[in-house]
Amino acid sequence: MEKIGKRFDGKVAIVTASTQGIGFGIAERLGLEGAAVVISSRRQKNVDEAVKKLKDRGIEVIGLVCHVSNAQHRKDLIKNTIEKYGKLDVVVCNAAANPAVDGILETKESVLDKLWEINVKTSILLLQEAAPHLQKGSSVVFVSSIAGFQPPKGLAMYGVTKTALLGLTKALAAELAPDTRVNCVAPGFVPTHFASFLTTNEQMKKSLEEKTLLNRLGTTQDMAAAAAYLASDDASYVTGETLVVAGGMPSRL
Ligand code: NAP
């Protein structure tokens, strides 16, 4: 059985939206480092497949269906975690939607609502459920985006919701201190299902690669390594911060 280190031995971690892509990568990394991981997403089939993949790597894992917008699903996610493992050390809020590419002033109200709901509000609601169970020394990690720093055309309103996570990180770091640290990863562009334009549009891929200093897109493992650092005791004096993992793509506000 492969283990990368032991930073999460004896720890219990929930990662939302974690049956593929960056969330799966984070769950896998935490699990390989010794955590018991609770993974989830909207579809049972995806949950089952992801649980199998993680178990095949020797990881202690349970999987549940949790559409982050569903209050009962969020309650059940926390309840099942506590029933099975008795505590909670790490919560990674990774779910997001990007239902439209319209300019902000052309975006329908229903789409604005969905963006705020999935990308911001449901993370808050999940943490309201999780907070009573968070251990001393626990950690929350949000997954924002490079698009949160300079919301690009086509990802503008999505980017603004990701900007909101930077503020949420600061605000909750203060609210949950000193027992729980709250940090954020802002990924650059990673070819996943969510960013399928990176695999279908060669020109777009090339132009984004050229915007990095490292001349490549990110990988789910790059994002997982950063999230694992922030969630681990290696970052025990880091809270309220956002770590940009974007190959040197310009990022600061
Ligand atoms: P992905 O590969 O498409 O994976 C998305 C995962 O989320 C799947 O497991 C999906 O499974 C689940 N999911 C989708 N909607 C959900 C919902 N409402 N409730 C629960 N689970 C849900 O996406 P990704 O690229 O890894 O994106 C993950 C995060 O990284 C997002 O927050 C995204 O904004 C951020 N990000 C991505 C990039 C990039 O370039 N890829 C860049 C910056 C930031 P089901 O279909 O079974 O629900």
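Cut-offs used in this document
Residues numbered from 1 in each chain as written. Predicted model: local features only at pLDDT ≥ 70, side-chain atom pairs only at ≥ 80, totals over all residues. Heavy atoms only, no water. Helix = DSSP H or I, 4+ residues; strand = E, 2+ residues; numbered from the N terminus. Rg over C-alpha atoms; globule rule 2.2 N^0.38 Å. Areas by Shrake-Rupley, 256 points an atom, 1.4 Å probe, with all protein chains shown as cover. Lys, Arg positive; Asp, Glu negative; His and termini not counted. Charge placed at Lys NZ, Arg CZ, Asp CG, Glu CD. Buried < 20%, exposed > 50% of the residue type's maximum accessible area, 1.4 Å probe, protein only. Pairing = 2+ DSSP bridges. Right-handed = clockwise from strand over helix to strand, strands pointing away. Axes fitted to C-alpha atoms, helices over the stretch in contact; angles between N-to-C directions. Parallel < 35°, antiparallel > 145°, perpendicular 65-115°, else oblique. Left-handed = near helix turned anticlockwise from the far one by under 90°. Contact = heavy atoms within 4.5 Å. Nonpolar A, V, L, I, M, F, W, Y, C, P; charged D, E, K, R; others polar. Near = heavy atom within 4 Å. Polar contact = N/O pair within 3.5 Å; in protein donor to acceptor, adjacent residues only side chain to side chain. Phe/Tyr/Trp six-rings, centres within 6.5 Å; stacked < 30°, edge-to-face > 60°. Lys NZ or Arg CZ within 6 Å of the ring centre and 35° of its normal. Salt bridge = Lys/Arg side-chain N within 4 Å of Asp/Glu carboxyl O.

Engineer: Can you break down the overall build of the protein residue by residue, with the values?
Structural biologist: For the protein, the count of helices and strands is 8 helices and 7 strands. The C-alpha atoms of the protein give 17 Å as radius of gyration, which agrees with the globular expectation for 253 residues (18 Å, within 12%). As presented, the protein carries roughly 12,100 Å² of accessible surface, and 53% of it is formed by carbon and sulfur atoms. Each charge sign in the protein was given a centre, from 30 positive and 26 negative side chains, and these centres are 2 Å apart.

Engineer: Which residues make up the pairing of strand β1 (residues 12-15), and what are the values?
Structural biologist: For a regular strand, the rule is simple: side chains alternate between the two faces of the sheet. Of the two faces of β1, both are covered, the one formed by Val-12 and Ile-14 as well as the one formed by Ala-13 and Val-15. In the sheet, β1 pairs with strand β2 (residues 36-41) via 4 bridges, with the strands oriented parallel. Within β2, the residue paired with Ile-14 across the bridge is Val-38. Between β1 and its parallel partner β2, the chain crosses via helix α1 (residues 21-32), and the hand of that crossover is right-handed. Where β1 and strand β4 (residues 88-93) come together, 3 bridges link them in parallel fashion.

Engineer: Which residues make up the packing of helix α4 (residues 109-130) against helix α5 (residues 156-176), and what values go with them?
Structural biologist: Where α4 meets α5, the axes come as close as 9 Å, and the angle between the chain directions of the two elements is 20°. Classified by the angle their axes make, α4 and α5 are roughly parallel. Viewed along their axes, α4 and α5 form a crossing whose handedness is right-handed. Residues Leu-112, Leu-115, Trp-116, Asn-119, Val-120, Ile-124 and Leu-127 of α4 form the contact with α5, whose participating residues are Met-157, Tyr-158, Val-160, Thr-161, Ala-164, Leu-165, Leu-168 and Leu-172. Across the contact of α4 with α5, the residue classes break down as 13 nonpolar, 2 polar and no charged.

Engineer: Just give me the short version of the sheet that holds strand β7 (residues 242-245), but keep the residues and values in it.
Structural biologist: Ordered in space as β3-β2-β1-β4-β5-β6-β7, the 7 strands form an open sheet in which the pairing is parallel. Among the strands making up the open sheet, the edge pair consists of β3 (61-65) and β7. Across the sheet, the mean angle from the axis of one strand to that of its neighbour is 20°, orientation sign disregarded. Strand contacts of α1: β1, β2, β4, β5 (134-143) and β6 (180-187), with the helix running at about 175° to β1, the strand carrying the most contacts. Against the sheet, α4 makes contact with β4 and β5, and its axis sits at roughly 175° relative to β4, the strand it touches most.

Engineer: Outline the site of the ligand, supporting the account with residue identities and numerical values.
Structural biologist: Near the ligand there are 29 residues, and of these Ile-22, Ser-41, Arg-43, Tyr-158 and Thr-192 occur at the shortest range. Gln-20 places a polar main-chain atom, nitrogen or oxygen, 3.1 Å from an oxygen atom of the ligand. Interatomic distance of 2.7 Å between a backbone N/O atom of Asn-94 and an oxygen atom of the ligand. Surface burial for the ligand is 95%, taken as the share of its 890 Å² of free accessible area covered by protein chains. Looking at the shell around the ligand, the elements that each hand over two or more residues are α1 and α5. Counted by class, the shell around the ligand contains 14 nonpolar, 12 polar and 3 charged residues.

Engineer: An account of the packing of aromatic side chains is requested, with residue identities and associated values reported.
Structural biologist: By the definition in use, this model includes 2 aromatic pairs. For the pair Tyr-158 and Phe-194, a centre-to-centre distance of 5.7 Å together with 45° between the ring planes defines the contact as tilted. Note that Tyr-158 is positioned in helix α5 and Phe-194 in the loop between β6 and α6 (197-200), a separation of 36 residues in sequence. Between Phe-189 and Phe-197 the ring centres are 6.3 Å apart and the planes differ by 75°, which places this aromatic pair in the edge-to-face class. The positively charged end of Lys-53 is found above the aromatic ring belonging to Phe-24, 5.5 Å away from the centroid.

Engineer: Could you give an account of the packing of α1 against helix α8 (residues 220-231), naming the residues involved and the relevant values?
Structural biologist: In the contact formed by α1 and α8, the axes pass within 8 Å of each other and the chain directions differ by 55°. Between α1 and α8, the interaxial angle falls into the category oblique. For the crossing formed where α1 meets α8, the hand is right-handed. Residues Gly-21, Ile-22, Gly-25, Ile-26, Arg-29 and Leu-30 of α1 form the contact with α8, whose participating residues are Thr-220, Met-223, Ala-224, Ala-225, Ala-227 and Ala-228. Residue composition of the contact of α1 with α8, by class: 8 nonpolar, 3 polar and 1 charged.

Engineer: How would you sum up the pattern of salt bridges? Please name residues and give values.
Structural biologist: If you walk through the whole model with that rule in mind, you get 14 salt bridges. Across the pair Arg-57 and Glu-28 runs a salt bridge whose closest N-O atoms are separated by 2.8 Å. Of this pair, Arg-57 sits in the loop between α2 (44-56) and β3 while Glu-28 sits in helix α1, placing them 29 residues apart in sequence. Among the salt bridges present, the one from Asp-179 reaches Lys-136, with a minimum N-O distance of 3.4 Å. Pair noted here: Asp-179 is in the loop between α5 and β6 and Lys-136 is in strand β5, with a separation of 43 residues, a long-range link. Judged by relative accessible area, which is 70%, Lys-136 ranks as exposed. Residues joined by salt bridges that share partners form a network here, namely Arg-7, Arg-29, Glu-33 and Asp-234.

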